[in-house]
Amino acid sequence: MSVEPRVTATAAVTPAEFTDGRLARRDRNRTAVLDAMIEMFSEGDVEPTPEALAHRVGISPRSVYRYFDDRESLVRAAIDHQLAAVWHLYVIPKIGEGPLAERVDRFVRCRVRLYEAVGSTARASRVRLNTDDIVREQVELTRRALREQIEQQFAPELANFGASVRRSRVAALDVLCELEALDHYRLHRGFSSSETVAMLSETIPLLLTH
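First things first, this report covers the structure right here in the doc. Predicted, not measured: the structure shown is a model, and the values here were computed from it.

Thresholds applied
- Residues numbered from 1 in each chain as written.
- Predicted model: local features only at pLDDT ≥ 70, side-chain atom pairs only at ≥ 80, totals over all residues.
- Heavy atoms only, no water.
- Helix = DSSP H or I, 4+ residues; strand = E, 2+ residues; numbered from the N terminus.
- Buried < 20%, exposed > 50% of the residue type's maximum accessible area, 1.4 Å probe, protein only.
- Contact = heavy atoms within 4.5 Å.
- Areas by Shrake-Rupley, 256 points an atom, 1.4 Å probe, with all protein chains shown as cover.
- Salt bridge = Lys/Arg side-chain N within 4 Å of Asp/Glu carboxyl O.
- Core = buried A, V, L, I, M, F, W, Y, C linked by side-chain atoms within 4.5 Å.
- Axes fitted to C-alpha atoms, helices over the stretch in contact; angles between N-to-C directions.
- Parallel < 35°, antiparallel > 145°, perpendicular 65-115°, else oblique.
- Nonpolar A, V, L, I, M, F, W, Y, C, P; charged D, E, K, R; others polar.
- Phe/Tyr/Trp six-rings, centres within 6.5 Å; stacked < 30°, edge-to-face > 60°.
- Lys NZ or Arg CZ within 6 Å of the ring centre and 35° of its normal.

**Looking at the overall build of the protein**
For step 1, the next point in the chain: Secondary structure assignment for the protein yields 11 helices and 0 strands.
For step 2, the next point in the chain: Expressed as a percentage of its 210 residues, the buried residues of the protein come to 36%.
For step 3, the next point in the chain: Across the protein, every contact between residues at least 6 apart in sequence was considered, and the portion connecting residues at least 24 apart equals 67%.
For step 4, the next point in the chain: For the protein, the accessible area works out to roughly 12500 Å², and carbon and sulfur atoms hold 53% of it.

Encoded structure:
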């Protein structure tokens, strides 16, 4: 009686499949580290150590350094990872369209929703403004883009002011609505998300109509 040779799971895996499997596992672990870092940002730890991240993910600290060259590249990768996931929240639908009340409501709700998604990561980024040129550049680009949203969303009202007043009103609106200011309302003044929406909805028209 002939016996059919047993084909083990290992024997059935080709070198290419084995390599692909290792790469897939590496990608999963790398993503898990980035997700863990964002979670720790949200918990208030803006500078988590690779050891703490490794413990949370369930890998060795050495593995973390296999995925990232150093702590700076790890932080940058985490920021980019979250940005890619929430990029759609930076977009204001029908920007600049509709009556003022509708534009104010749409703008405020979009900005507060964005803050709720990225506030903790933005906070961790600001910690590194003086030590990481790449992070600082990303923060400045984000600030500029959010300021330009204000100019576009409220262009009809801003056009009614002279150049000097218009510049001052844009600056005031920018400070009022920037992510760092929302941090202040939510964390230091104790405003809820809905209270922040109400406060901004009441204050923004005052800067646009007086």
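That was the structure; now back to the text.
**Topic: the environment of Arg167**
For step 1, the next point in the chain: Along the chain, the position of Arg167 falls in helix α9 (residues 163–177).
For step 2, the next point in the chain: Sequence-wise, Arg167 and Glu151 are 16 residues apart; in three dimensions their C-alpha atoms are separated by 9.9 Å.

**Here's the deal with the pattern of salt bridges**
For step 1, the next point in the chain: Here the structure, examined in full by the defined rule, presents 12 salt bridges.
For step 2, the next point in the chain: Asp133 serves as the salt-bridge partner of Arg136, at 2.3 Å between the closest nitrogen and oxygen. Residue Arg136 and its partner Asp133 are located together in helix α7 (residues 133–153), separated by 3 residues, close to a single helical turn.
For step 3, the next point in the chain: Asp133 sits in the exposed class, given a relative accessible area of 53%.

**So, the nonpolar core**
For step 1, the next point in the chain: Ranked by internal contacts, the top residues of the largest apolar core, which has 31 residues, are Phe107, Val108, Phe154, Leu200 and Ile204.
For step 2, the next point in the chain: Of all the elements in the fold, those that place two or more residues in this core are α6 (100–127), α7, α9, α10 (179–188) and α11 (193–209).
For step 3, the next point in the chain: What Phe154 contacts, discounting residues up to four positions off in sequence, is Leu100, Arg103, Val104, Phe107, Ile204 and Leu208.
For step 4, the next point in the chain: Among the nonpolar cores identified, the runner-up in size contains 22 residues, and Ala36, Val46, Ile59 and Leu129 belong to it.

**Thoughts on the packing of α6 against α7**
For step 1, the next point in the chain: For the pair α6 and α7, interaxial distance at closest approach is 13 Å and the crossing angle is 175°. In this view, α6 runs roughly antiparallel relative to α7, as classed from their interaxial angle. Contact with α6, carried on its side by Arg103, Arg106, Phe107, Arg111, Leu114, Ser125 and Arg126, involves Val135, Val139, Arg143, Leu146, Gln149, Ile150 and Gln153 of α7 and no other residues of that element.
For step 2, the next point in the chain: Taken together, the residues of the contact of α6 with α7 break down into 6 nonpolar, 3 polar and 5 charged.

**Overview of unusual backbone geometry**
For step 1, the next point in the chain: Despite not being glycine, Lys94 shows a phi value in the positive range, around 50°.
For step 2, the next point in the chain: Positionally, Lys94 belongs in the loop between α5 (71–86) and α6.

**Focus on the packing of aromatic side chains**
For step 1, the next point in the chain: Summed over the entire model, instances satisfying the criterion amount to 3 aromatic pairs.
For step 2, the next point in the chain: Both rings, one in Phe107 and one in Phe154, keep their centres 5.4 Å apart while their planes meet at 70°; by these two values the pair is edge-to-face. Within this pair, whereas Phe107 is found in helix α6, its partner Phe154 is found in the loop between α7 and α8 (155–158), the two being separated by 47 residues in sequence.
For step 3, the next point in the chain: Cation over ring: Arg169 sits above Phe161, and NZ or CZ is 4.8 Å from the ring centre.

**As for the environment of Arg123**
For step 1, the next point in the chain: Looking at where Arg123 falls in the secondary structure, it is placed in helix α6.
For step 2, the next point in the chain: By relative accessible area, Arg123 is classed as partly exposed at 21%.
For step 3, the next point in the chain: Discounting residues that sit within four places of it in the chain, Arg123 has contacts with Phe41, Tyr115, Asp183 and Leu187.

**A look at the packing of α9 against α10**
For step 1, the next point in the chain: Following both chains from N to C, one finds α9 and α10 inclined at 50°, their axes separated by 5 Å at the closest point. Accordingly, the angle class assigned to the pair α9 and α10 is oblique. Along its contact with α9, which presents Val175, Leu176 and Cys177, the element α10 presents Leu179, Ala181, Leu182 and Tyr185.
For step 2, the next point in the chain: Of the residues that constitute the contact of α9 with α10, the class distribution is 7 nonpolar, no polar and no charged.

Read these as layout, nothing more, since geometry by itself doesn't imply function.
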